[in-house]
Amino acid sequence: MSAEAGSEGDKRIRVQISEQDFLCKNGCGYYGTPQSKGLCSQCWRVSEMQEKRKQDYAKNRSLLSFEKFEARKQTTDRRASATFRSLLRKDSSNQQGSPSPVARQQQHRQDQTPRSRQLSGESQQAREKFLSFLHGMPKSLAHDISRQTQHAIDNILAHQHIEIDELSELVQNFYQVMTDRLNKHPLMNDINAKVSPEEVMQEVEQYVCVRTYPVLFCAKTDEEVADLSLQDRIRSLHWVTAGFLETNLDYSNEKVRDRMDDAITEIIDINSRRGTADKLECLIRCSKSIFEALKDSRSGAPASADEFLPVLIFVILKGNPPLIQSNLKFISRFALPTRVMSGESGYYFTNLSCALQFVQNMNADSLRMPKEEFEAYTSGNQVPPLTESNCGCNQAIKSMENSAKQLAELIEKQKTMAVNIDEFRERITKETDEFMTEVRSFTRNYPSVDLSIPKSQPSSPEANRDFSVTVPTVTEAAVKAEENDV
């Protein structure tokens, strides 16, 4: 990982990692991670086993040294004496009606057998999905897969107190044995087989990880402390905006802001998933949202891989995902090797590992700024000055600017609407006056039948009453009809 400084007036960095930097140092062609010293998961396990053998060999040599022979001999004698006395006590207790050795052995086996417990909602859903997947396969093959998988789950639950690396080795050995078993099975090699061994192993991995998640994802004390320490560090780096990382994000574009929100949501959601495949799917969706945001910032032009990593670092700083290191270790320890060593998920997983390593090592030198200034910003004693670069990428300021812009647009729309309402009222008043003038002219030129009766002809009181009622009724009806038309 290398950082290049921008202009002197702009405190920004550029993070670049070539494709070769992602590959395993052993030259196996798979992806490696900084957390595994640049090795892929398989080479890392082999290296760890060799290191453990060296430690065990050194420990055995120290135990076989002559200086400790006398002390070891005395300890052995005391243990033998204590064992002999305990046997005598056990024989006497057996004579008093204590359980026989056979009964004690049966009781020991019962204690070692894992107790069945009620499955959680996630485990129950995973079990139903796994059984549904096996339902479409030949019964003999499905029964064999189910039996081997359940045996592995019971074995994991029975060994939940061993070291996490040894538990990882146990799970990975099961994956390898199960894969070899499927590749040699005649039904899997049949031309009419509906599924491949890779698809079966993906379902097996998902089921095993979800069923044993409380055991496999058990952050030890040191790992939990490391996660909390990283979260505190990310909080202290809240002032590092996208401008410092020299990202090509255009935050004036609403689509870009929405894409970045989706990316932050996905990286936070990793911790809520139980299967390694589900966690990696969240990472893939997060990475694709980043590429879409970069594409929208470039007016539809595709973004390069060199532009991706700085934005991923920015997403980590803004999202501060919980237990992100423990999640990475969980994926590295218990996922199928093909998921993290190659392919799309392996590439993004390696990028995330490099981004976390950069955040952990971020200091004044990496940001090309004075140490006192970096410490002042990190401690919160000083606020970094706003520049054209980081101000444009500051979400809070950009949100305020957008709100002010929308408010100004609403005010202009309100003024325009008020003018239109006044014009409408004037037009209604004018048209109403014109209409009433036409109605009066019409009633004068064309009076009603009652008005056309000669004055010499006497009219009855009823006729006068009808006349007094008829004239306003006709006129009002005509006016209302015209008003309705308007």
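Basis of the calculations
Residue positions are given per chain, counted from 1 along the sequence in the order it is written. With pLDDT at 70 or above as the cut-off, local features in this predicted model cover only qualifying residues; side-chain atom pairs require 80 or more to be listed or tallied, and sums for whole chains, interfaces and linings still use all residues. Water and hydrogen atoms were dropped before computing side-chain values, which therefore reflect all heavy atoms in the structure. Note on conventions: DSSP H or I runs of at least 4 residues are helices, E runs of at least 2 residues are strands, and numbering of each starts at the N terminus. Note on classification: 1.4 Å probe, protein chains only; a residue is buried when its accessible area is under 20% of the maximum for its type, exposed when over 50%, partly exposed between these limits. In this description, contact between two residues means that some pair of their heavy atoms is separated by no more than 4.5 Å. For the area figures, the Shrake-Rupley method with a 1.4 Å probe applies, and any residue is considered shielded solely by the protein chains shown. What a helix should span is 1.5 Å times the count of its residues minus one. pLDDT gives the predictor's per-residue confidence on a scale running from 0 to 100. Structural elements are reduced to axes, namely lines fitted to C-alpha atoms, with helices fitted over the stretch in contact, and the angle between N-to-C directions of any two is expressed from 0 to 180 degrees. Any angle that is under 35 degrees is reported as roughly parallel, and any over 145 degrees as roughly antiparallel; angles of 65 to 115 degrees are reported as roughly perpendicular and all others as oblique. By convention the crossing between two helices is left-handed if the near helix lies anticlockwise of the far one by an angle smaller than a right angle, and right-handed if it lies clockwise. Should a side-chain nitrogen of Lys or Arg be within 4 Å of a carboxyl oxygen of Asp or Glu, the pair is scored as a salt bridge.

### Overview of the overall build of the chain
Item 1. Helices and strands together make up the secondary structure of the chain, namely 20 helices and 2 strands.
Item 2. Each of the 486 residues in the chain was classed as buried or not, and the buried ones make up 33%.
Item 3. Once local pairs closer than 6 in sequence are excluded, the contacts in the chain between residues at least 24 apart make up 72%.
Item 4. Roughly 30200 Å² of accessible area belongs to the chain as shown, and the carbon and sulfur atoms make up 51% of that amount.

### A word on helix H12 (residues 276-297)
Item 1. Helix length check: H12 (22 residues) gives 32 Å between terminal C-alpha atoms against 32 Å at 1.5 Å per residue, within 8%.
Item 2. Immediately beyond the C-terminal end of H12, within one or two residues, lies serine 299, with a positive phi of roughly 60°.

### Notes on helix H8 (residues 197-211)
Item 1. In a regular helix each residue adds 1.5 Å, so 15 residues correspond to 21 Å; H8 covers 21 Å between its end C-alpha atoms and thus fits that length.
Item 2. Burial of H8 is extensive: 11 of the 15 residues sit out of reach of the surface.
Item 3. Taken together, the buried positions of H8 are Pro197, Val200, Met201, Val204, Glu205, Gln206, Tyr207, Val208, Cys209, Val210 and Arg211.

### Quick look at the confidence of the model for the chain
Item 1. In this model, the chain carries an average pLDDT of 76, and 64% of its residues clear a pLDDT of 70 or more.
Item 2. Segment residues 1-12 is flagged for pLDDT under 50; beyond a separation of four residues in sequence, or across chains, it makes 27 contacts in the model.

### Thoughts on the packing of H12 against helix H14 (residues 324-334)
Item 1. Where H12 meets H14, the closest approach of the two axes is 10 Å, and the angle between their N-to-C directions is 125°. In terms of axis orientation, H12 runs oblique to H14. In this structure, H12 meets H14 at a crossing whose hand is left-handed. Facing H12, whose interface residues are Thr276, Lys279 and Leu280, H14 presents Asn327, Phe330, Ile331 and Phe334.

### Thoughts on the pattern of salt bridges
Item 1. Tallying each qualifying case throughout the model produces 13 salt bridges.
Item 2. A salt bridge links aspartate 144 to arginine 147; its shortest N-O distance comes to 3.1 Å. You can see aspartate 144 and its partner arginine 147 sitting in helix H6 (residues 139-158), 3 residues apart, about one turn around the helix.
Item 3. Relative accessible area serves as the criterion here: at 44%, arginine 147 is assigned to the partly exposed category.
Item 4. For arginine 181, the salt bridge identified is with aspartate 144, shortest N-O distance 3.0 Å. Of this pair, arginine 181 sits in helix H7 (residues 164-184) while aspartate 144 is found in helix H6, placing the two residues 37 residues apart along the sequence.

### A look at unusual backbone geometry
Item 1. With a phi angle near 45°, asparagine 320 is a residue other than glycine that sits in the positive phi range.
Item 2. Turning to its location among the elements, asparagine 320 is positioned in the loop between helix H13 (305-319) and H14.
Item 3. For asparagine 320, a relative accessible area of 16% translates into the label buried.

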